[in-house]
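Letter by letter, the chains look like this.
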Amino acid sequence: MRFEEAARRLAALGDAERGQLPRPPGALEPVRISGDERLRVRLGPGGLREAAVLVLVHPDGAGDARVVLIERPTYEGFHSGEVSLPGGKAEPGDRDLVATALREAAEEVGLDPSASGLSVVGRLDPVHVTVSGFAVHPVVALAARTPDLVPHPGEVARIVSAPVDAFLPDAPMPIVERRVRDWMLRYGIYPVEGLEVWGATARILGQLGAILAKE
């Protein structure tokens, strides 16, 4: 999809009411097929903690629309080695969740909003990641120019600029069965540059693709 067309379709996102946006494909939701029925939920005193991620859509050199993803390094934790969107938990000094997403993107991939001509166009539906105890709020932004990004050495193993076509409703979405910690799960994935996008990130991008597919 051309960037100009993607930008046009996303421009109205700020006027849309969350919860009434098109849904991502249901096959992206992991289904437990064996293992302990009790999920190990990490909740703070107030329930799910707030987090935000940046869904940054930008043009490539040919004028096609791409979205910025990151591959996490391997570490002891719930999201080790996964593909995700730049983002993280809200901090007390953040003005709002948009500020959270932009701060995290600056920290993780060195995003300079001014240099990339960034404009925030709206938000997608929040995604609850109960295994790590977060309510993740996707913030959608457009960059007028291809951003100059640098991975944070301790937080990002690789930056991937994926074509938005990879997340449209007719894009390939293999179904896999895999053991994830204590559960055998079945879920759909988006293959991107030798990586597998799944879980909360896939559901966010699936909703982005559903919005982009609407005329």
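Placed above this text is the structure.
Residues numbered from 1 in each chain as written. Predicted model: local features only at pLDDT ≥ 70, side-chain atom pairs only at ≥ 80, totals over all residues. Heavy atoms only, no water.

Student: Mind showing me how you'd approach the overall build of the chain here?
Tutor: Within the chain, the secondary structure is distributed over four helices and 13 strands. Counting over 215 residues, the chain shows a buried share of 48%. Counting only contacts in the chain whose residues sit at least 6 apart along the sequence, the fraction spanning at least 24 positions is 71%. Accessible surface computed for the chain: about 10500 Å², of which carbon and sulfur atoms make up 52%. (Helix = DSSP H or I, 4+ residues; strand = E, 2+ residues; numbered from the N terminus. Buried < 20%, exposed > 50% of the residue type's maximum accessible area, 1.4 Å probe, protein only. Contact = heavy atoms within 4.5 Å. Areas by Shrake-Rupley, 256 points an atom, 1.4 Å probe, with all protein chains shown as cover.)

Student: Looking at this structure, I do not really get the packing of helix α1 (residues 3–10) against helix α4 (residues 199–213). What am I missing?
Tutor: Working note: a packed helix pair is described by the angle between its axes plus the distance between those axes. Where α1 meets α4, the closest approach of the two axes is 9 Å, and the angle between their N-to-C directions is 95°. Taken together, the axes of α1 and α4 lie roughly perpendicular to each other. Counted together, Ala6, Arg9 and Leu10 of α1 and Leu208, Ile211, Leu212 and Ala213 of α4 form the full contact between these two elements. Broken down by class, the residue content of the contact of α1 with α4 amounts to six nonpolar, no polar and one charged. (Axes fitted to C-alpha atoms, helices over the stretch in contact; angles between N-to-C directions. Parallel < 35°, antiparallel > 145°, perpendicular 65-115°, else oblique. Nonpolar A, V, L, I, M, F, W, Y, C, P; charged D, E, K, R; others polar.)

Student: Just to check I follow, could you spell out α4 for this structure?
Tutor: Each α-helix turn comprises 3.6 residues. Residues three or four places apart therefore point the same way. Look at α4: 21 Å from first C-alpha to last across 15 residues, which is about the 21 Å you get at 1.5 Å a residue. Counting buried residues in α4 gives 14 out of 15 residues, a clear majority hidden from the surface. (Expected span 1.5 Å × (residues − 1).)

Student: I tried to follow the nonpolar core on my own but got confused; where do I start?
Tutor: Side chains that are nonpolar tend, in soluble globular proteins, to be buried together. Counting residues in each nonpolar core, the largest one holds 42 residues, and the members touching the most others are Leu10, Leu69 and Phe167. Discounting chain neighbours no more than four positions away, the residues touching Leu69 are Val83, Ser84, Leu85, Arg158, Ile159, Val160, Ala162, Phe167, Val197 and Leu205. Membership of the second largest hydrophobic core comes to 17 residues, among which are Val68, Leu111, Ala143 and Val156. (Core = buried A, V, L, I, M, F, W, Y, C linked by side-chain atoms within 4.5 Å.)

Student: In this structure, what is going on with the packing of aromatic side chains? I would like to understand it.
Tutor: Each aromatic ring pair is described using two quantities: the centre-to-centre distance and the angle formed by the ring planes. Tallied over the entire structure, the rule returns two aromatic pairs. For the pair Phe167 and Tyr190, a centre-to-centre distance of 5.1 Å together with 90° between the ring planes defines the contact as edge-to-face. Of this pair, Phe167 sits in the loop between β9 (158–163) and β10 (175–180) while Tyr190 is found in strand β12 (residues 190–192), placing the two residues 23 residues apart along the sequence. Relative accessible area serves as the criterion here: at 1%, Phe167 is assigned to the buried category. On the basis of relative accessibility, which here comes to 1%, the residue Tyr190 falls in the buried class. Above the ring of Phe134, the side-chain terminus of Arg49 is found at 4.1 Å from the ring centroid. (Phe/Tyr/Trp six-rings, centres within 6.5 Å; stacked < 30°, edge-to-face > 60°. Lys NZ or Arg CZ within 6 Å of the ring centre and 35° of its normal.)

Student: In this structure, what is going on with the environment of Arg179? I would like to understand it.
Tutor: Counting through the fold element by element, Arg179 comes out in strand β10. With sequence-adjacent residues up to four places away left out, Arg179 is seen in contact with Ser34 and Met184.

Student: Whenever I open this one, unusual backbone geometry confuses me. Can you help?
Tutor: Backbone geometry follows two general trends: most residues other than glycine have a negative phi, and most peptide bonds adopt the trans configuration. Its identity is not glycine, yet Glu193 carries a phi of approximately 50°, on the positive side. Since its relative accessible area comes to 47%, Glu193 is described here as partly exposed.

Student: What exactly am I supposed to notice about the environment of Arg2 here?
Tutor: In this structure, Arg2 sits in the segment before α1. The spacing of Arg2 and Arg66 is 64 residues in sequence and 9.1 Å in space, taken between C-alpha atoms. Ignoring any residue separated from it by four or fewer positions in sequence, one finds Arg2 in contact with Ala62, Gly63, Asp64 and Ala65. Side-chain polar atoms of Arg2 contact the backbone oxygen of Ala62, separated by 2.6 Å. Of the polar contacts made by the side chain of Arg2, one reaches the side chain of Asp64; its length is 3.1 Å. (Polar contact = N/O pair within 3.5 Å; in protein donor to acceptor, adjacent residues only side chain to side chain.)

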